[in-house]
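Examination of the molecular architecture
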Amino acid sequence: MTVKKATQSDLEHIVPLFDSYRVFYGQSSDLEAARSFLKERFINKDNVVFLAFEDERPIGFTQLYKTFSSVSMQPLYILNDLFVLPEHRKNGVGEALLEQAKVHCQEVGFKGLALETAADNPAQKLYERLDWQKDTAFFHYFWKNPK
């Protein structure tokens, strides 16, 4: 298995994985919308994507988005997406993607990485094993636009 930082030229490798990720979270499959969304992210330099390959076949990805902490006045990444094809789970792919995200964060000098996950997501064990700290001091709220 290898992990590489993706570019817009890797779009056709990322799109099916991204679409499967969205389907996993209850969305309808829409390859064209996924392609358009990801292409725009790359054009606007909104994201950093790492792709995992096995024998040149894409098997997983993680996507980071840049944000800032006003308190520390430092940039950080939100690790927004992490997906591994079901047949490749529990083989170290997710761990390799998370570790590459950490290395990238260190290389660019960002404060850290943040992620949120479902309370019943079994990947929590992986996050904790890799030194991610569960936030017990703050609640997270979300306002949904009614339009």
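Residues numbered from 1 in each chain as written. Predicted model: local features only at pLDDT ≥ 70, side-chain atom pairs only at ≥ 80, totals over all residues. Heavy atoms only, no water.

Regarding its fold elements, the protein presents four helices and five strands. Listing each helix as α and each strand as β along the protein from the N terminus yields β-α-α-β-β-β-α-β-α. Its C-alpha atoms give the protein a radius of gyration of 15 Å, within 12% of the compact-globule value 15 Å for 147 residues. By principal-axis analysis of the C-alpha atoms, the protein measures approximately 40 × 40 × 30 Å. The buried share among the 147 residues of the protein stands at 36%. Summarising the internal contacts of the protein: among those between residues at least 6 apart in sequence, 56% fall at separations of at least 24. Put simply, the protein shows about 10000 Å² of open surface, and 53% of that area lies on carbon and sulfur atoms. (Helix = DSSP H or I, 4+ residues; strand = E, 2+ residues; numbered from the N terminus. Rg over C-alpha atoms; globule rule 2.2 N^0.38 Å. Buried < 20%, exposed > 50% of the residue type's maximum accessible area, 1.4 Å probe, protein only. Contact = heavy atoms within 4.5 Å. Areas by Shrake-Rupley, 256 points an atom, 1.4 Å probe, with all protein chains shown as cover.)

Spatial ordering of the open sheet is given by 1-2-3-4-5, a layout of five strands whose pairing is mixed. If you trace the sheet from one side to the other, it starts and ends with strand 1 (2–5) and strand 5 (113–114), each paired once. Where strand 2 (residues 47–54) lies against strand 3 (residues 57–69), eight bridges are found, and the strand directions are antiparallel. Each residue of the ladder has a partner; that of A52, found in strand 3, is G60. Packing of helix 3 (residues 93–108) onto the sheet brings it into contact with strand 1, strand 2, strand 3, strand 4 (74–84) and strand 5, and relative to strand 4 it is tilted by some 165°. (Pairing = 2+ DSSP bridges. Axes fitted to C-alpha atoms, helices over the stretch in contact; angles between N-to-C directions.)

A few words now on the nonpolar core. Counting 35 residues, the largest nonpolar core has I14, F61 and L64 as the members making the most contacts within it. When contributions to this core are tallied by element, the ones reaching two or more residues are helix 1 (11–24), helix 2 (31–43), strand 2, strand 3, strand 4, helix 3 and helix 4 (124–129). In contact with F61, other than residues within four places in its own chain, are L17, F18, Y21, V49, F50, L51, D81, L82, F83 and L97. (Core = buried A, V, L, I, M, F, W, Y, C linked by side-chain atoms within 4.5 Å.)

Contact pair helix 1 / helix 2: the axes reach a minimum separation of 9 Å and the direction vectors enclose 125°. By the angle between their directions, the pair helix 1 and helix 2 is classed as oblique. Seen along the crossing, helix 1 lies across helix 2 with a hand that is right-handed. Residues L11, E12, I14, V15, P16, F18 and D19 of helix 1 touch helix 2, and the partners they reach there are L31, A34, R35, F37, L38, K39 and F42. (Parallel < 35°, antiparallel > 145°, perpendicular 65-115°, else oblique. Left-handed = near helix turned anticlockwise from the far one by under 90°.)

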